[in-house]
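Summary of the model geometry
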Amino acid sequence: MRSAPLLLALAISGAALAAQAPEPRDARIAEAVAKVQAADLQATVAKLVSFGTRHTLSKADDPVRGIGAARAWLASAFGDLAKAPGSRLKPFEDRFTQPAGTRMPSPAELVNVGTILPGTDPRRAKEAIVLTGHYDSRVTDVMNATADAPGADDDGSGTSMALEAAKALAAARPAITIYFVAVVGEEQGLFGSAHLAKRLQDEGVTVLAMLSVDIAGNTRSGDGRRDSLHARIWSEGSPATESPAQRHLRLALGNEQDSPSREWARYLARVGGRYVDGLELRVMRRRDRIARGSDHMSFSATGSPAACLREGIENYDGQHQDVRVEDGRAFGDTLEGFDAPYAAKLCKAVVAAFAELASAPEPPSDLTLGGAVSPDTKLKWTLPADPRVAGLILYRRAADTGNWQRAQRLAPSSALTLPGVVPDDSVFALATVDAEGHESLPAEVAHLE
Ligand SMILES: [Zn+2]
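Below: a short report on this structure. Not measured: the values here are computed from a predicted model. (Residues numbered from 1 in each chain as written. Predicted model: local features only at pLDDT ≥ 70, side-chain atom pairs only at ≥ 80, totals over all residues. Heavy atoms only, no water.)

Considering the packing of aromatic side chains
- A complete count under the given rule lists 4 aromatic pairs for this structure.
- Between the aromatic rings of tryptophan 264 and phenylalanine 354, the centroid separation amounts to 5.7 Å while the plane-to-plane angle is 70°, which identifies the pairing as edge-to-face. You can see tryptophan 264 sitting in helix H9 (residues 260-274) and its partner phenylalanine 354 sitting in helix H11 (residues 340-359), a full 90 residues away along the chain.
- On the basis of relative accessible area, tryptophan 264 is assigned to the buried category, the value being 0%. (Phe/Tyr/Trp six-rings, centres within 6.5 Å; stacked < 30°, edge-to-face > 60°. Helix = DSSP H or I, 4+ residues; strand = E, 2+ residues; numbered from the N terminus. Buried < 20%, exposed > 50% of the residue type's maximum accessible area, 1.4 Å probe, protein only.)

This is the structure:
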C-alpha cells in the first residue's frame, strides 16, 4: 500500500516537468540570433551620438552634424548589409514632405531609411512585418534643433537594433517580408512612422505585426536601482480602429486583454524569450507608459497589430533633457547610459520572434466560441488554404490571468469540444504551426455561437 502514493507523486512531478520543459529552439533561428553582437550595437549607438544632434529639424545638409549626416550614415550602413555576400536584403527609403503643423514650423522633407528582406511565398507577397527604431533625438525644448541631443537610449538603442536585426537575418528566407526601418520625426509627432504605415497601406501591404523598439538599452534608474533582467512590451487593449460590431463582440466576450496587438505582445514575449537566457519579457497591460507613446501607435491607428519594446527600468533623468550636471546630478541621454550587452539580449529576442513569425503559416480564421451557459467549451474555426499548415496550438488561460497558461497541440482539424471547461472562466486563442513548429499569431475569438 505504500507504493501507490509514491507512484502518484511521480506521475504528478512528471507532468509538472513536462509542463516546464522548454520549447525547442529552431536551429536556423538560433543561428540568426547568435549573430547579434553587443559590440556592433555599441558601435552603432556611438556613431549615432557622434552626430551631435539628430533633431528632426536640425541641419539636413551638414556632412558632420545633424539629422542629414545621421541619415546618410544610416543609409550607407543599411546599404552595406544589402551588399554583403549571401545577403537577400534590398535597400528601402521612404522620403516625404511633412507639412507645417504642431512641432513643425514649416514644411520639410523627411526620410525614413532601412532595408527589406523579401518574403519567399508568392501567395503571401503582400504580407509583411515591420521593425522600427526612431533615429531623431531631442532635448528639454522639443523645438531646440541645435543643442547637443545625443539620444543614445532614445532612440539610438532601437535604431541600432533595427540595423543589427537586419544584419542577423540578412540571409534568411522567410515566407513573408520583413521591413527594418529607422524612422524620423518621432519626437515631433510620430511623423515618420505615420507616413510609413500609410504608405504600406496605400501599397496594399498587410502589416501582420509591427514593433517599435524605443528606449531599450538602459539598466540603471535615476535612484540607483539596476535591472538587466527584464524588458517591457506595451500594446493597446481594445483596438483603436475597431468597428461598433467588433466592440460589441469584445464587450460580450470580455476580451479587452485580447486584441491582436496584445496577442503580438504575448508572442514577442513567448517566442523571443525562448531564445534568450537571463531576460524576462513582461507583457504590460497598457498601450504605453502613462501619457506617453511611440511609433507603434501609428500602426495601431491604421489597424495593424503593433507593440513597443522598452527597457525594464528607465532613467527619467536621461530622457528629453539638456545634457548638464545640476548639484552633482547628471542629466541627458548620453552614451554612458547605454548598456550594450543588455540591448543585445533584447535584440536577440526581437530577431527570434521576427524570424519565427515571418516563417509561420497563415493563421486560422473565424474562430467561433460556443457553449455559453454550459459547462463545456465548443470551438470551431476555418483552416487557412496555406499548404504549410501542419498543426494547431490552442492557447488557454483562466479569465483572471494575463498570460497563456496552456498550449495544446492539435492535428489539423476544424472543431474541438473541451468537456468540463467552462467558457465563462477561460480565454482561448488558436495558432497554426508548420512542420518545423513555426507558429502564427494566435487568432482571437471572432464569433459567438
Ligand atoms: Zn523615443
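Topic: the coordination of the zinc ion
- Taken together, the protein donors to the zinc ion comprise His134 (NE2), Asp154 (OD), Asp214 (OD) and Asp214 (OD), at separations of 2.0 to 2.6 Å.
- For the zinc ion, the 4 donor atoms are set out with angles of 54 to 145° between them, so the coordination reads as irregular.
- Mapped onto the sequence, the donors of the zinc ion take the spacing H-x19-D-x59-D. Of this pair, aspartate 154 sits in helix H5 (residues 152-168) while aspartate 214 sits in the loop between strand E5 (206-213) and strand E6 (230-234); the two residues are 60 residues apart in sequence, bridging distant segments of the chain. (Donors = N, O, S within 2.8 Å, 3.2 Å for Na, K, Ca; no water. Tetrahedral: all angles 85-135°; square planar, octahedral: opposite > 155°, others 65-115°.)

A word on the packing of H5 against H11
- In contact at an axis separation of 10 Å, H5 and H11 are set at 55° when each is read in the N-to-C sense. It follows that H5 is oblique to H11 by the angle criterion. As for the relative orientation of H5 and H11, their crossing is right-handed in sense. Residues Met161, Glu164, Ala165 and Ala168 of H5 form the contact with H11, whose own contacting residues are Ala343, Leu346, Cys347 and Val351. (Axes fitted to C-alpha atoms, helices over the stretch in contact; angles between N-to-C directions. Parallel < 35°, antiparallel > 145°, perpendicular 65-115°, else oblique. Left-handed = near helix turned anticlockwise from the far one by under 90°. Contact = heavy atoms within 4.5 Å.)

Thoughts on the sheet that holds strand E13 (residues 391-398)
- The 3 strands lie next to each other as E14-E13-E16, forming an open sheet whose pairing is antiparallel. A strand with exactly one partner marks an edge of an open sheet, and here the two such strands are strand E14 (406-410) and strand E16 (426-433). Averaged over all pairs of adjacent strands, the angle between their axes in this sheet comes to 20°, without regard to strand direction.
- The pairing of E13 with E16 spans 8 bridges and is classified as antiparallel. Its bridge partner lying in E16, glycine 391 is registered against valine 433. (Pairing = 2+ DSSP bridges.)

Some remarks on the side chain of arginine 88
- Within the secondary structure layout, arginine 88 lies in the loop between helix H4 (67-83) and strand E1 (90-98).
- Of the polar contacts made by the side chain of arginine 88, one reaches the backbone oxygen of proline 118; its length is 3.1 Å.
- In contact with arginine 88, other than residues within four places in its own chain, are Ile116, Leu117, Pro118, Gly119, Thr120, Ala170, Ala171, Ala172, Arg173 and Pro174. (Polar contact = N/O pair within 3.5 Å; in protein donor to acceptor, adjacent residues only side chain to side chain.)

Structural notes on the pattern of salt bridges
- Scanning the entire structure with this criterion turns up 33 salt bridges.
- Note that glutamate 127 is salt-bridged to arginine 124, the shortest N-O span being 2.8 Å.
- For the salt bridge of arginine 310 with aspartate 214, the shortest nitrogen-to-oxygen distance reads 3.8 Å. Of this pair, arginine 310 sits in strand E8 (residues 306-311) while aspartate 214 sits in the loop between E5 and E6, and the two are 96 residues apart along the sequence.
- On the basis of relative accessible area, aspartate 214 is assigned to the buried category, the value being 2%.
- Salt bridges linked by common partners bring Asp214, Arg232, Asp288, Arg289, Arg292, Arg310 and Glu314 together as one network. (Salt bridge = Lys/Arg side-chain N within 4 Å of Asp/Glu carboxyl O.)

Some words on unusual backbone geometry
- Note the cis peptide between aspartate 154 and aspartate 155, where omega equals 5°.
- On the secondary structure map, aspartate 155 appears in helix H5.
- A positive phi angle is found at leucine 190, which is not glycine, with a value near 55°.
- For leucine 190, a relative accessible area of 17% corresponds to the buried category.

Considerations on the pairing of strand E7 (residues 280-283)
- Residues Leu281 and Val283 line the buried face of E7, whereas the alternating positions Glu280 and Arg282 sit on a face that is not buried.
- Strand direction decides the pairing type here: E6 and E7, joined by 4 bridges, are parallel. Bridge pairing links arginine 232 to arginine 282 in E7.

Focus on the packing of H4 against H5
- In contact at an axis separation of 9 Å, H4 and H5 are set at 15° when each is read in the N-to-C sense. Between H4 and H5, the angle is such that the two are roughly parallel. Of the two possible hands of crossing, H4 and H5 adopt the one that is right-handed. Across from Trp73, Leu74, Ala77, Phe78 and Leu81 in H4, the residues of H5 making contact are Thr159, Ala162, Leu163, Ala166 and Lys167.
- Each residue belonging to the contact of H4 with H5 can be placed in one class, and the counts come to 8 nonpolar, 1 polar and 1 charged. (Nonpolar A, V, L, I, M, F, W, Y, C, P; charged D, E, K, R; others polar.)

Observations concerning the nonpolar core
- Judged by nonpolar contacts, the single largest core of 78 residues is most densely connected at Leu169, Phe180, Leu211, Trp264, Leu309, Val351 and Phe354.
- The element best represented in this core is H11, accounting for 15 residues.
- Beyond its immediate sequence surroundings of up to four residues, phenylalanine 354 is in contact with Ile129, Val130, Leu131, Leu169, Ile178, Leu211 and Trp264.
- Ranked by size, the runner-up nonpolar core spans 15 residues in total, among them Val183, Ala197, Val205 and Val207. (Core = buried A, V, L, I, M, F, W, Y, C linked by side-chain atoms within 4.5 Å.)

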